[in-house]
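Single-letter residue listing:
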Amino acid sequence: MAAAKYLPPEDQFLCSICLDVFTDPVTTSCGHNFCKNCINAHWNTNDQCLCPMCKKVFTTRPELHVNTFISEMVVQFRQSAQSKASSSSSEQVSTESVEESKPGEVPCDVCTGTKLKALKSCLVCLASYCQTHLEPHLTASCLKRHQLIDPVQNLEGRMCTKHNKPLELFCKTDQTGVCMLCTVLDHKMHDVVPLKEEYEEKKAKLEAEIQQMIQKRQQKIQEIKNSVELSEKDADKEKAEGVQVFTSLKESVERDLNDLIKTIEEKRTATQKQAEAFIEELGHEISELMRRSTEVEQLSHNEDHLHLLQSVQSLNTHHPPPTKDWTEISIHPSYEGTAVRAVAQLEEALNKKIRQVLEAELKRVQQYAVDVTLDPNTAQAELILSDDGKQVRHGKVMKFLPDNPERFSLGACVLGKQHFSSGKFYYEVQVKRKIEWYFGVAKESINRKGQITLGPAEGYWTVGLKNGNEYKAAAGPSVTLSLRSHPQKVGVFVDYDEGLVSFYDTDSAVLIYTYTGCSFTVRLFPFLCPGPHYGNRNSAPLIISPVREN
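In this text the structure is predicted, and so the values were computed from the model without any measurement.

Procedures and definitions
- Residues numbered from 1 in each chain as written.
- Predicted model: local features only at pLDDT ≥ 70, side-chain atom pairs only at ≥ 80, totals over all residues.
- Heavy atoms only, no water.
- Helix = DSSP H or I, 4+ residues; strand = E, 2+ residues; numbered from the N terminus.
- Buried < 20%, exposed > 50% of the residue type's maximum accessible area, 1.4 Å probe, protein only.
- Contact = heavy atoms within 4.5 Å.
- Areas by Shrake-Rupley, 256 points an atom, 1.4 Å probe, with all protein chains shown as cover.
- 1 Å grid on protein atoms, 1.4 Å probe; cavity = no way out; pocket = protein on both sides within 12 Å on 5 of 7 lines; lining within 4 Å.
- Points joined across faces, edges and corners; volume = space filled by probe spheres on them.
- Pairing = 2+ DSSP bridges.
- Salt bridge = Lys/Arg side-chain N within 4 Å of Asp/Glu carboxyl O.
- Polar contact = N/O pair within 3.5 Å; in protein donor to acceptor, adjacent residues only side chain to side chain.
- Patch = residues over 30% accessible without salt bridge, like charges linked within 9 Å, V, L, I, M, F, W, Y side chains within 5 Å.
- Lys, Arg positive; Asp, Glu negative; His and termini not counted.
- Charge placed at Lys NZ, Arg CZ, Asp CG, Glu CD.
- Expected span 1.5 Å × (residues − 1).
- Core = buried A, V, L, I, M, F, W, Y, C linked by side-chain atoms within 4.5 Å.
- Axes fitted to C-alpha atoms, helices over the stretch in contact; angles between N-to-C directions.

## Quick notes on the overall build of the protein chain
Okay, so step 1: Scanning the protein chain from terminus to terminus reveals 8 helices and 23 strands.
Okay, so step 2: Going through the 550 residues of the protein chain one by one, you find that 33% of them count as buried.
Okay, so step 3: Nonlocal contacts in the protein chain, meaning residues at least 24 apart in sequence, comprise 58% of its contacts between residues at least 6 apart.
Okay, so step 4: A total of about 34200 Å² of accessible surface is found on the protein chain, and carbon and sulfur atoms cover 53% of it.

Right, here's the structure in full:
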């Protein structure tokens with residue numbers, strides 16, 4: 001073992017192919033040494049047998065034998081390195097504090113008895129080392145070349161199962177870790193890069209993707225904040241308009257009430273004044289009659305009958321008795337109908353104000369008008385569409401059309417080409433000279449084959465006309481609608497995010513019906529059904545009309 005003191009530098013015991021200490025070292029005729037497996041694998045993957053060091057070409061493949069001298073030197077080197085590591089570890093154990101590995105921490109593979117916490121793992125040795133047993137990797141030149149990483153479990157998983165070499169490279173072609181021998185055997189023509197390079201590239205890509213995801217979410221947060229701000233502005237505006245309308249209505253009611261009270265009070269005052277005048281006049285007449293009664297009483301005591309008659313005649317001539325006939329005179333104040341007329345005036349004012357509000361609401365939703373055209377690929381075979389896709393009516397003949405999945409098979413229905421999955425939209429349909437029709441919006445996932453049942457549960461939100469005068473909302477069950485007039489044009493407004501579908505009589509600016517609390521999660525399409533032709537009684541088309549604000 002004395003020869004161990006004169007061992008050459010450890011670089012002399014490293015194979016130039018695997019860069020590790022020789023295993024079964026062999027020597028070529030040109031004097032260079034390699035691991036037996038490494039040089040054979042190298043020659044197996046090349047057309048020529050040449051030395052990896054000096055590039056000397058051998059005409060015939062040399063027969064290789066283990067170099068016993070170098071093999072013995074390698075053994076002595078390993079023993080020397082192990083002895084040095086053991087000595088160093090013994091010294092440090094006595095001078096340094098010991099930290100035992102805890103559950104979940106990687107223990108040192110060299111420690112016997114109490115396992116200390118590992119500081120590093122070696123991808124070459126496939127072992128984890130505590131501070132003491134890591135020292136050789138920090139001091140020995142041959143071990144310094146080993147790749148150290150933070151301590152990890154299952155180091156065997158970092159070894160090539162085929163060649164028992166560390167997975168130091170990454171094959172971009174097969175997207176897998178490979179060893180040095182894999183690059184000259186199974187992955188010879190593949191794009192192979194160092195693990196670190198691939199790690200840095202993947203890390204940079206992942207960081208960029210994460211940053212992009214963060215940026216998108218930050219943008220979404222800003223969008224939500226902007227939506228909240230817009231919602232608050234809309235709420236304030238709507239509240240202000242509501243306060244203005246109801247304040248105006250309240251003022252109108254109070255004003256009409258005051259006018260009513262004033263009218264009644266004026267009538268009562270006039271009645272009181274008239275009654276007082278009549279009472280005063282009657283009082284004067286009573287006084288006059290009482291005076292005449294006194295005179296007559298005095299004359300009655302005179303027995304001169306001629307004188308009495310002459311006196312009475314003179315009294316009637318110079319002071320005639322009151323001759324006003326009070327029989328037909330009476331006080332009948334007329335308050336009847338005053339309140340009714342006031343209420344009628346108030347109703348007229350309220351209706352005017354309500355119409356103004358409804359017109360403003362219709363004008364608001366009309367700003368979300370979209371250009372809708374009908375999709376012939378969805379139209380049932382009996383329907384006839386105009387060339388511009390704006391009109392649909394029921395024909396009398398079943399056309400032979402491809403029964404594609406989008407087409408309605410039995411129900412005389414058709415969808416619009418346009419679809420919506422957010423926001424608000426509005427369109428109008430002319431229904432003149434129709435005795436039956438249905439339309440609104442429908443989910444993309446509706447059943448289009450067989451009989452069609454309208455209703456939100458089936459994916460339809462519609463209103464319709466039946467028998468010429470029965471208006472209904474297919475709300476499941478249907479809701480009968482009481483309309484004062486027959487609409488000639490109906491507007492459809494959808495607020496996807498709010499879950500709202502409203503229908504308007506555009507001529508009278510009247511809200512026909514509203515579906516609320518809808519939960520939309522898929523795309524919505526305009527939906528139209530012109531109804532059967534009924535022997536030409538319902539042959540007029542449904543017409544998608546351009547939106548013109550009232």
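## A word on the environment of Cys529
Okay, so step 1: Within the secondary structure, Cys529 is located in strand 22 (residues 524-529).
Okay, so step 2: Given a relative accessible area of 11%, Cys529 falls into the buried group.
Okay, so step 3: Distance from Cys529 to Phe439, taken between C-alpha atoms, is 5.8 Å for residues 90 residues apart in sequence.
Okay, so step 4: When residues no more than four places from it in sequence are discounted, the contact partners of Cys529 are Ala412, Cys413, Trp437, Tyr438 and Leu542.

## Here we look at the layout of surface pockets
Okay, so step 1: Size it by volume and the largest pocket reaches roughly 1200 Å³.
Okay, so step 2: Taken together, 34 residues make up the lining of the largest pocket; nearest its centre are Asp234, Glu238, Glu241, Glu361 and Arg364.
Okay, so step 3: Those elements that place two or more of their residues in the lining of the largest pocket are helix 6 (195-299), helix 8 (338-366), strand 19 (489-495), strand 20 (500-505) and strand 21 (510-515).
Okay, so step 4: Ranked by residues supplied to the lining of the largest pocket, first place goes to helix 6 with 12 residues.

## Considerations on the pairing of strand 20
Okay, so step 1: For strand 20, a buried count of 5 out of 6 residues is recorded, marking the element as mostly surrounded by other parts of the structure.
Okay, so step 2: As judged from the 6 bridges shared by strand 19 and strand 20, these two strands associate in the antiparallel manner. Residue pairing in the sheet places Asp495 in a bridge with Leu500 of strand 20.
Okay, so step 3: Between the end of strand 19 and the start of strand 20, which pair antiparallel, lie 4 residues, with Gly499 showing a positive phi angle near 70°.
Okay, so step 4: Taken together, the 5 bridges between strand 20 and strand 21 define a ladder with antiparallel strand orientation. Among the inter-strand pairings, Ser502 is bridged to a residue of strand 21, identified as Thr514.
Okay, so step 5: Between strand 20 and the antiparallel strand that follows it, strand 21, lie 4 residues; Ala509 among them carries a positive phi value of about 55°.

## A closer look at the pattern of salt bridges
Okay, so step 1: Summed over the entire model, instances satisfying the criterion amount to 15 salt bridges.
Okay, so step 2: Residue Arg268 pairs with Glu265 through a salt bridge whose shortest N-O separation is 2.5 Å. Separated by 3 residues within a single helix, Arg268 and Glu265 lie in helix 6, roughly one turn from each other.
Okay, so step 3: What makes Glu265 partly exposed here is its relative accessible area of 32%.
Okay, so step 4: Two residues, Lys449 and Asp403, come together in a salt bridge whose shortest N-O distance is 2.8 Å. Here Lys449, found in the loop between strand 15 (437-443) and strand 16 (460-466), pairs with Asp403, found in the loop between strand 12 (391-394) and strand 13 (414-415); they are 46 residues apart in sequence, far enough to count as distant.
Okay, so step 5: The network of salt bridges with common partners includes Lys172, Glu198, Glu201 and Lys202.

## Let's talk about the side chain of Ser508
Okay, so step 1: Tracing the sequence through the fold places Ser508 in the loop between strand 20 and strand 21.
Okay, so step 2: Among the polar contacts made by the side chain of Ser508, one reaches the side chain of Asp505 at a distance of 3.0 Å.
Okay, so step 3: Residues contacting Ser508, with those up to four places away along its chain left out, are Arg355 and Ser485.

## Describing empty space enclosed by the protein
Okay, so step 1: Evaluation of the coordinates by the stated rule reveals 1 cavity of 30 Å³ or more.
Okay, so step 2: Empty space within the largest cavity amounts to approximately 30 Å³.
Okay, so step 3: In terms of lining residues, the largest cavity is bounded by Trp437, Val463, Gly464, Tyr471, Leu481, Leu483, Pro487 and Ile512.

## A look at a negative patch on the surface
Okay, so step 1: A contiguous patch of negative charge, built from Glu229, Glu232, Asp234, Asp236, Glu238 and Glu241, is present on the exposed surface.
Okay, so step 2: Relative to the elements of secondary structure, Glu241 occurs in helix 6.
Okay, so step 3: Using a relative accessible area of 36% as the deciding quantity, one classes Glu241 as partly exposed.

## Re helix 8
Okay, so step 1: Helix length check: helix 8, at 29 residues, gives a terminal C-alpha distance of 42 Å against a target of 42 Å (1.5 Å per residue), a fit within 8%.
Okay, so step 2: Of all the residues in helix 8, the buried ones are Thr338, Ala342, Leu346, Leu362, Val365 and Gln366.

## Remarks on the nonpolar core
Nonpolar side chains tend toward joint burial in soluble globular proteins.
Okay, so step 1: With 37 residues, the main nonpolar core has Trp437, Phe439, Tyr515 and Leu528 as its most contacted residues.
Okay, so step 2: Ignoring any residue separated from it by four or fewer positions in sequence, one finds Phe439 in contact with Tyr427, Val429, Val431, Trp461, Thr462, Val463, Val490, Val492, Phe503, Phe527, Leu528 and Leu542.
Okay, so step 3: Grouped together as the second largest cluster of nonpolar side chains are 24 residues, Phe13, Cys15, Val21 and Val26 included.

## Topic: the environment of Cys182
Okay, so step 1: Looking at the element boundaries, Cys182 is found in helix 5 (residues 180-184).
Okay, so step 2: Distance in space between the C-alpha atoms of Cys182 and Leu167 is 9.3 Å, their sequence separation being 15 residues.
Okay, so step 3: Setting aside residues no more than four positions away along its own chain, Cys182 makes contact with Cys160, His163, His187 and Lys188.

## Focus on the sheet that holds strand 8 (residues 169-171)
Okay, so step 1: If you trace the 3 strands from one edge of the open sheet to the other, you get 9-8-10, paired in antiparallel fashion. The open sheet terminates on both sides in strands that have one partner only, identified here as strand 9 (176-178) and strand 10 (192-194). On average, adjacent strands in this sheet sit at an angle of 40° to one another, irrespective of strand direction.
Okay, so step 2: Looking at chain direction, strand 8 and strand 10 are connected through 3 bridges and run antiparallel. Looking at strand 10, one finds that Leu169 is bridged to Pro194.

## Notes on unusual backbone geometry
Okay, so step 1: Omega for the peptide link from Gly476 to Pro477 comes to 0°, which places this bond in the cis form.
Okay, so step 2: The phi dihedral of Lys55 is positive, around 65°, even though this residue is not glycine.
Okay, so step 3: Along the chain, Lys55 turns up in the loop between strand 3 (49-50) and strand 4 (57-58).
Okay, so step 4: At Ala509, a position not held by glycine, the phi torsion is positive, near 55°.
Okay, so step 5: Examined against the element boundaries, Ala509 turns out to sit in the loop between strand 20 and strand 21.

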